[in-house]
Every structure is written in structure tokens, then in C-alpha cells.
Amino acid sequence: MGTKLGMMSYFEPDGTVVPVTVVGFREGNIVTQIKTQATDGYDAVQVGYRRVRDKKLTKPELGHLEKAGIIPMRHLQEFRLQNIDGFEVGQKLVLEEFFKEGDLVDVSGITIGKGFQGGIKRHNFKRGQMTHGSKSHRALGSIGAGTTPGRVYKGKKMPGRMGGTKTKIRKLKIVKIDNDLRAVMIKGALPGKPGNLLRIAPAKIVGKNIPKN
């Protein structure tokens, strides 16, 4: 897990300009729990990120971390794995051990909330004429037939709350890893505003790390 710091331009040795998002890493990325097929029915590693004061957590959260002998962490997330060998509670995960420059990753996070928006902004609807006597400008228009079916179909694209949802952006390239600054540059835009929590995992590619069947 990492923290979004912002975007910048990165110049490759041949002069190519690449738009990148800089992701920093606060104190954390420590294994807090290991789940196995025998105990939980599946294999996974729980990771804690971002140290906080004790009073910022509830007693159940503190008890869970103290049981493993871990410092208080704000975020706990699970990563399901096919093989959990080599992981142990209290282990600090280092980025260079899992990723290298040129690797493809999937990045997920919470998008920027836009509030209640209309159909034009939310679903890219077209507007009506603004002149020539038209009285339909930015309104939605018809939302369905009449007596039959006598209702509005579920999933109808209408105005509503936009943004603020979890989104995953797939197959993004790691352009550069800076060990001194504890930061990584990932090509393209990532969800959320600066300071947002991001979850970085190896890209799921069918035929490579996912069976074709």
C-alpha cells in the first residue's frame, strides 16, 4: 500500500516525456496476520499501513495488532495469494523485493468525489438546443415507456452521486523506483487526490499469472 503524492513529467534517457504519478510510502507495510487454508479456508496475507497513535484505533483493532506484536496501524488490507510461503507475522515488505522497473501493476483506490451530478456530467449525455425555441436544454428527457412496463428499469442512467467509489486501473507500468526518496513513479493517472491510499498489486494477466481456463 502507498500514498498518492501527485503527478509530474518524467523524461526518459531518449527524451521521451512520460506522465507519471508519484506514490510515496509511509511507515508500515508490515505483515499483521497470515491466513491459511486450514484456519480460514483460504490463503492470504494481511498487511498494515501508516502508523497512528493508540487513541486513533478502537480497542478491538488495538488488541488484534498487539496480539501480533505490531505497532498501531491505520489501514489493514488482505492480499490473497496462491502460496504464502516466505511470509511471517511482523515481516516488513520492501517494494524492491516484489517489483522492479518495467513491471505492470494494478492500482486501486477511492476516486475523487464529485457530489450529486446531472446526466451530462455523470454519463456524458448530449444536451438539447439552447436556442430556436427549444425548452429541453440539460434535462434528462424520457426515462422509459408508459403503461408497459409501467416502471423504470433498474440501472437506468440518471443523475446521482458521482465519484467517491473504489476503482481499479489495470496494467500500469512502473517507470522508476527511487530507494532514497522511498517513492515509485507509475505511468498514467491513479485514483483519488494527493494523500489518497492506494493498493498496488502485480497485474493480473490471463495466461501469465491467471490460468486461461
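Residue numbers here run from 1 along each chain, matching the order of that chain's written sequence. Local features in a predicted model are, by the rule used here, given only for residues with pLDDT of at least 70; side-chain atom pairs are given and counted only at 80 or more, and totals for whole chains, interfaces and linings are based on all residues. Side-chain measures were taken over the full set of non-hydrogen atoms in the model, leaving aside hydrogen atoms and water.

We now examine the layout of surface pockets. Lining residues are defined by having an atom within 4 Å of a point belonging to a cavity or pocket. Those points lie on a 1 Å grid over the protein atoms alone, cavities being sets where a 1.4 Å probe fits but cannot get out and pockets being open sets with protein on both sides within 12 Å along at least five of seven lines. Grid points are joined across faces, edges and corners, and a volume is the space filled by probe spheres set on the points. Of the voids in this model, the largest pocket is the one considered here, and its volume is about 1,200 Å³. Around the largest pocket sit 38 residues that line it, and F79, F99, I200, A201 and P202 are the ones nearest its centre.

A word on the domain arrangement of the protein. Domain limits in this description derive from either an automatic procedure or a database domain assignment. Domain boundaries in the protein define domain 1 (2–113 + 172–202) and domain 2 (115–139 + 156–163). Here domain 1 and domain 2 have C-alpha centroids that lie 38 Å from each other.

The next subject is the environment of F11. Tracing the chain through its elements places F11 in strand β1 (residues 2–11). The cut-offs for exposure are 20% and 50% of the maximum accessible area for each residue type, with area from a 1.4 Å probe on protein chains only; residues under the lower value are buried, those over the upper are exposed, and the others partly exposed. By relative accessible area, F11 is classed as exposed at 54%. When checking whether two residues touch, look at their non-hydrogen atoms; a contact exists if any pair is within 4.5 Å. Every residue in contact with F11, bar those within four places of it in the chain, is listed here: T16 and V17. Put simply, DSSP marks the helices as runs of H or I at least four residues long and the strands as runs of E at least two long, and each gets a number from the N terminus on.

Following the sequence through the fold, V184 ends up in strand β10 (residues 183–187). According to the relative accessible area criterion, V184 is buried, its value standing at 2%. Considered as a pair, V184 and G2 are 182 residues apart in the sequence and their alpha carbons are 9.3 Å apart. When sequence neighbours within four positions are dropped, the list of residues in contact with V184 reads T21, V22, V23, F25, L95, I174, K176 and I177.

Now for empty space enclosed by the protein. With the rule as written, the count across this model stands at one cavity of 30 Å³ or more. Roughly 30 Å³ of volume is contained in the largest cavity. If you trace the largest cavity, you find it lined by K176, I177, D178, A183, V184 and M185. Classes in brief: Ala, Val, Leu, Ile, Met, Phe, Trp, Tyr, Cys and Pro nonpolar; Asp, Glu, Lys and Arg charged; the others, Gly included, polar. When grouped by side-chain class, the residues that make up the lining of the largest cavity number four nonpolar, no polar and two charged.

Salt bridges, as used here, are contacts in which a Lys or Arg side-chain nitrogen is within 4 Å of a carboxyl oxygen on Asp or Glu. Overall, the coordinates contain four salt bridges when judged by the stated rule. In this structure, R51 and E27 form a salt bridge, with 3.4 Å as the shortest nitrogen-oxygen distance. Linking R51 in strand β4 (residues 44–51) with E27 in the loop between β2 (17–24) and β3 (28–35), this pair joins segments that are 24 residues apart in sequence. A relative accessible area of 46% places R51 in the partly exposed class. The closest approach of N and O atoms between K100 and D103, which form a salt bridge, is 3.5 Å.

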